[in-house]
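Commentary on secondary and tertiary structure
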Amino acid sequence: KAKLQFIVRLLFRVLCQHYAPVVIALDDLQWADAASLELMEDLIMDRENQNLMVVGLYRSDEVQEASSLAQTIRSFRDNSYKGIFSMTEIPIGPIELTGVDGMI
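This text gives an overview of the structure that appears in the document. (Residues numbered from 1 in each chain as written. Predicted model: local features only at pLDDT ≥ 70, side-chain atom pairs only at ≥ 80, totals over all residues. Heavy atoms only, no water.)

Bringing the layout of surface pockets into the picture now. In this structure, the largest pocket encloses a volume near 1400 Å³. Considering the residues around the largest pocket, the lining is formed by 36 residues, among which V54, V55, G56, L57 and T88 are closest to the centre. Mapped by element, the contributors of at least two residues to the lining of the largest pocket are α2 (34-44), β2 (52-56) and α3 (68-81). Here the element with the most residues in the lining of the largest pocket is β2; it accounts for 5 residues. Here the residues of the lining of the largest pocket sort into 22 nonpolar, 8 polar and 6 charged. (1 Å grid on protein atoms, 1.4 Å probe; cavity = no way out; pocket = protein on both sides within 12 Å on 5 of 7 lines; lining within 4 Å. Points joined across faces, edges and corners; volume = space filled by probe spheres on them. Helix = DSSP H or I, 4+ residues; strand = E, 2+ residues; numbered from the N terminus. Nonpolar A, V, L, I, M, F, W, Y, C, P; charged D, E, K, R; others polar.)

Within the secondary structure, K82 is located in the loop between α3 and α4 (97-103). For K82, a relative accessible area of 62% puts it in the exposed group. Sequence separation between K82 and D42 is 40 residues; the distance between their C-alpha atoms is 17 Å. (Buried < 20%, exposed > 50% of the residue type's maximum accessible area, 1.4 Å probe, protein only.)

This model, assessed by the stated rule, comprises 7 salt bridges. Linking D46 and R13 is a salt bridge whose minimum nitrogen-to-oxygen distance equals 2.8 Å. Of this pair, D46 sits in the loop between α2 and β2 while R13 sits in helix α1 (residues 2-18), placing them 33 residues apart in sequence. Owing to a relative accessible area of 17%, R13 belongs among the buried residues under this scheme. Across the pair R13 and E48 runs a salt bridge, and its minimum N-O distance is 3.4 Å. Taken together, the residues span a long stretch of sequence, with R13 in helix α1 and E48 in the loop between α2 and β2 at a distance of 35 residues. (Salt bridge = Lys/Arg side-chain N within 4 Å of Asp/Glu carboxyl O.)

Along the chain, A20 connects to P21 via a cis peptide bond; the corresponding omega equals -10 degrees. One non-glycine residue with positive phi stands out, namely D28, at about 60 degrees. Turning to its location among the elements, D28 is positioned in the loop between β1 (22-26) and α2.

The subject of this paragraph is the side chain of R9. With respect to the secondary-structure elements, R9 resides in helix α1. Beyond its immediate stretch of four places on either side in the chain, R9 contacts D42, L43 and D46. (Contact = heavy atoms within 4.5 Å.)

In the case of a regular strand, side chains alternate between the two sheet surfaces. With 5 bridges joining them, β1 and β2 adopt parallel strand pairing. Opposite A25, over in β2, you have V55 as the bridge partner. Once the chain exits β1 it traverses α2 before rejoining the sheet at β2, and the crossover so formed is right-handed. (Pairing = 2+ DSSP bridges. Right-handed = clockwise from strand over helix to strand, strands pointing away.)

Written as structure tokens, this is what we have:
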């Protein structure tokens with residue numbers, strides 16, 4: 001597992017050097033397993049990769065307080081407060097039917 005994380009981290013460092021900035025959007029994180037969240041956290045916490053932005057999307061009403069995602073989010077908040085990286089949370093409510101009509 002540690003080797004895989006190391007290889008993925010190196011891969012993203014190379015990608016981010018040649019195609020900076022790189023933005024990754026990860027949807028439905030409420031269904032992510034602990035290993036996937038750990039890999040995501042490892043990528044985000046990589047101080048040698050300054051050209052990566054991760055956008056994580058999840059349904060807050062489906063996240064239990066004791067879940068792996070809730071623990072990961074708390075860890076991100078703590079590290080953001082410490083200045084290790086920047087994190088912005090943007091809560092978005094449900095889209096009304098009129099909003100969907102406007103998009104179509």
